[in-house]
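Analysis of the macromolecular model
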Amino acid sequence: MKQAILEKYNIPVPRYTSYPPANYFHSGFQSKDYAAAIRESNHQQPQTISFYFHIPFCQRLCHYCGCNSYPAPKKEIRERYVAALHKEIDLVLPLISKDRKISQIHYGGGTPTILPASVLKELNDHVLSHFATIESPEIAIECHPGWLDENDWKNLTTCGFNRMSLGVQDFKEEVLNTVHRRPSQIPMDEVVTLLREANIRINMDFLYGLPHQTAKSFSDTIEKAVALRPDRLVTFSYAHVPWMFPRQKAVEKAGLPDSKEKEKMFEEARNILCNAQYQPIGLDHFVQKEDELYAALKNGQLHRNFQGYCTRRTTGQVYAFGVTGISQLSTAYVQNTKDISEYIEKVEAGILPVAKGYALSHEEQITREVIEILMCNYRLDWKEVANHLSLPVETIKEATAYNEDKLREFAADGIIEFDMDRIQMTAEGRLFVRNVAASMDKLMLGTTKSFSKPV
């Protein structure tokens with residue numbers, strides 16, 4: 001890609017893991033509003049249920065982390081937190097219709113595997129005892145290999161999980177040491193063998209743009225990963241936003257690769273993965289050809305929620321438990337409090353621990369559909385969207401910030417191809433799908449909010 005085009009479009013724009021983005025949520029949305037939204041969600045699509053558990057604790061915090069994470073507290077606090085999770089489940093579940101089915105359960109953090117396997121199994125059993133599931137639901141957990149020995153991995157395989165995301169980040173220890181992350185406690189090939197023997201699907205997560213990373217070193221890391229043949233592999237672009245997460249200032253002091261080197265990391269990693277027959281999915285995922293995400297992409301049915309990319313089969317309205325957990329309902333987003341003590345106290349008092357949320361207008365619901373389809377599938381067919389939403393194409397375009405002059409500019413720069421019926425990202429332009437999505441977003445007109453750069 002030409003340097004002038006890279007510089008032109010490498011500007012701060014939303015990641016669009018949700019629409020509107022989370023920095024539009026506000027404190028006017030309260031517990032009673034969440035309860036009402038849950039009841040209403042029973043009559044909205046999708047009918048399937050996705051549960052999310054946020055485990056915020058880490059044995060130690062990585063300097064780069066942009067997650068809502070906290071140093072591990074004393075054992076009694078962790079035990080009260082787990083008890084509060086069960087209590088919050090008991091507050092939410094009676095509001096959800098029992099004829100709905102679970103399609104997805106996901107644990108994020110923090111470090112979910114900081115909890116004993118027996119505790120994780122109890123949480124799974126709690127929600128699974130109340131609802132039926134679809135055939136082959138996805139039950140997944142994010143794992144930090146640096147703190148798990150062989151027995152820990154074996155115990156995890158007994159909890160009901162069928163997918164595990166291994167947070168490798170980089171195989172180069174100099175990189176991990178600089179960002180305060182512990183390398184895998186046992187060799188990664190042994191972890192992979194153990195999980196495969198338990199019929200667990202394997203994701204591996206990597207992060208590029210960190211200190212001491214170069215295009216060559218990151219390529220070496222991806223080559224090692226490819227040799228292990230994970231089912232899915234993710235190459236996250238490090239988002240440097242120290243004004244939001246002050247701990248990232250330590251990363252800045254160590255020195256960051258420039259945007260040109262960072263782009264080279266992504267491009268070379270992508271080439272390695274594609275040559276190894278992995279298929280690119282969305283912004284940062286690569287999957288094997290047999291993966292249902294690839295089938296969904298080919299059919300234009302790829303979807304995304306706060307848990308990541310998924311298919312229409314496994315997606316559901318998301319009901320989140322734990323501090324900072326974000327529920328993602330058809331017409332509302334709801335985020336729990338960030339304060340652990342406040343979370344525990346509210347839940348123990350029988351109060352849904354809502355800190356903020358957002359109720360989507362009808363226009364915003366339309367815009368969300370447009371942006372989500374484009375972000376996930378790299379293409380947008382206006383007639384298909386119209387059929388899906390049962391609305392005229394012009395109504396849909398009017399709900400967005402659709403601007404033909406802006407689209408012509410993207411096309412002239414080789415980012416998209418378009419006509420009156422469709423928008424198609426070019427192979428090179430995919431890196432800037434966020435920019436094209438932002439051009440459809442009325443909320444971006446004159447916004448003063450801060451976002452990260454695509455590269």
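Residues numbered from 1 in each chain as written. Predicted model: local features only at pLDDT ≥ 70, side-chain atom pairs only at ≥ 80, totals over all residues. Heavy atoms only, no water.

**A word on unusual backbone geometry**
- Cis geometry is found at the peptide bond from Tyr19 to Pro20, where omega equals -10°.
- With respect to the helices and strands, the residue Pro20 is situated in the loop between α1 (3-9) and α2 (31-41).
- That bond from Gly109 to Gly110 is cis: its omega, 15°, falls within 30 degrees of zero.
- Locating Gly110 in the fold gives a position in the loop between β4 (101-109) and α4 (117-128).
- For His180, which is not a glycine, the phi torsion comes out positive at approximately 70°.
- Residue position: His180 is located in the loop between α6 (173-178) and α7 (188-197). (Helix = DSSP H or I, 4+ residues; strand = E, 2+ residues; numbered from the N terminus.)

**Quick look at the pattern of salt bridges**
- With the rule as written, the count across this model stands at 22 salt bridges.
- Put simply, Lys8 and Glu409 hold a salt bridge, and the shortest N to O gap is 2.8 Å. Here the residue Lys8 occupies a position in helix α1, and Glu409 occupies one in helix α16 (residues 404-412), the gap between them amounting to 401 residues.
- Judged by its relative accessible area of 31%, Glu409 is partly exposed.
- Across the pair Glu342 and Lys346 runs a salt bridge whose closest N-O atoms are separated by 3.4 Å. Here Lys346 and Glu342 lie together in helix α12 (residues 340-348), a separation of four residues that amounts to about one turn.
- We classify Glu342 as partly exposed; its relative accessible area is 31%.
- Each member of the salt-bridge network shares a partner with another, and the members are Lys8, Lys406, Glu409 and Asp413. (Salt bridge = Lys/Arg side-chain N within 4 Å of Asp/Glu carboxyl O. Buried < 20%, exposed > 50% of the residue type's maximum accessible area, 1.4 Å probe, protein only.)

**Section: helix α8 (residues 215-228)**
- In this model, α8 (14 residues) spans 20 Å end to end at C-alpha, consistent with the 20 Å of a helix rising 1.5 Å per residue.
- Buried within α8 are the following residues: Ala215, Ser217, Phe218, Ser219, Thr221, Ile222, Ala225, Val226 and Leu228.
- Where the residues of α8 are buried, they touch β6 (163-169), α7, β7 (201-208), β8 (232-237), α10 (259-275) and β9 (278-281).
- Just past α8, the residue Arg229 takes up positive phi, approximately 55°. (Expected span 1.5 Å × (residues − 1). Contact = heavy atoms within 4.5 Å.)

**Examining the side chain of Arg163**
- Looking at the element boundaries, Arg163 is found in strand β6.
- Overall, Arg163 belongs to the buried group, its relative accessible area being 4%.
- A polar atom in the side chain of Arg163 sits 3.0 Å from the side chain of Glu138.
- Dropping the residues within four chain positions of it, Arg163 is found in contact with Glu138, Ile139, Ala140, Ile141, Ile200, Arg201, Asn203, Asp231, Arg232 and Asp291. (Polar contact = N/O pair within 3.5 Å; in protein donor to acceptor, adjacent residues only side chain to side chain.)

**Some details on the side chain of Thr400**
- For Thr400, the location among the structural elements is in the loop between α15 (393-399) and α16.
- What makes Thr400 buried here is its relative accessible area of 3%.
- Engagement of the side chain of Thr400 in a polar contact is seen with the backbone nitrogen of Tyr402, the distance being 3.1 Å.
- Among all residues touching Thr400, those that are not within four sequence positions of it are Thr367, Val370, Met440 and Lys442.

**Examining the environment of Ser390**
- Topologically, Ser390 is positioned in the loop between α14 (382-389) and α15.
- Spatially, the C-alpha atom of Ser390 lies 21 Å from that of Asp419, the residues being 29 residues apart in sequence.

**Quick notes on the packing of helix α3 (residues 75-92) against α4**
- Between α3 and α4, whose axes approach to 11 Å, the crossing angle comes to 5°. Classed by the angle they form, the pair α3 and α4 counts as roughly parallel. Of the residues in α4, those in contact with Val82, Leu85, His86, Ile89 and Asp90 of α3 are Val119, Glu122, Leu123, His126 and Val127.
- Residues that form the contact of α3 with α4 fall into these classes: six nonpolar, two polar and two charged. (Axes fitted to C-alpha atoms, helices over the stretch in contact; angles between N-to-C directions. Parallel < 35°, antiparallel > 145°, perpendicular 65-115°, else oblique. Nonpolar A, V, L, I, M, F, W, Y, C, P; charged D, E, K, R; others polar.)

**As for the state of the cysteines**
- Taken as a whole and judged by the stated rule, the model has zero disulfides.
- No disulfide involves Cys65; its nearest neighbouring cysteine sulfur is the one of Cys67, lying 3.9 Å away.
- A relative accessible area of 11% means that Cys65 is categorised as buried. (Disulfide = S-S within 2.5 Å.)

**Quick notes on the packing of aromatic side chains**
- This structure, assessed with the given rule, holds 17 aromatic pairs.
- Seen from their ring centres, Phe57 and Tyr81 are 5.2 Å apart, and the 70° between their planes marks the pair as edge-to-face. In this pair, Phe57 is assigned in strand β2 (residues 57-58) and Tyr81 in helix α3, connecting sequence segments 24 residues apart.
- The ring of Trp147 is capped by Arg182, whose NZ or CZ atom sits 4.1 Å from the centre of that ring.
- Taking the ring centre of Tyr309 as reference, the NZ or CZ of Arg304 above it sits at 4.3 Å. (Phe/Tyr/Trp six-rings, centres within 6.5 Å; stacked < 30°, edge-to-face > 60°. Lys NZ or Arg CZ within 6 Å of the ring centre and 35° of its normal.)

Remember that the coordinates give geometry; whether it matters functionally is a separate question.
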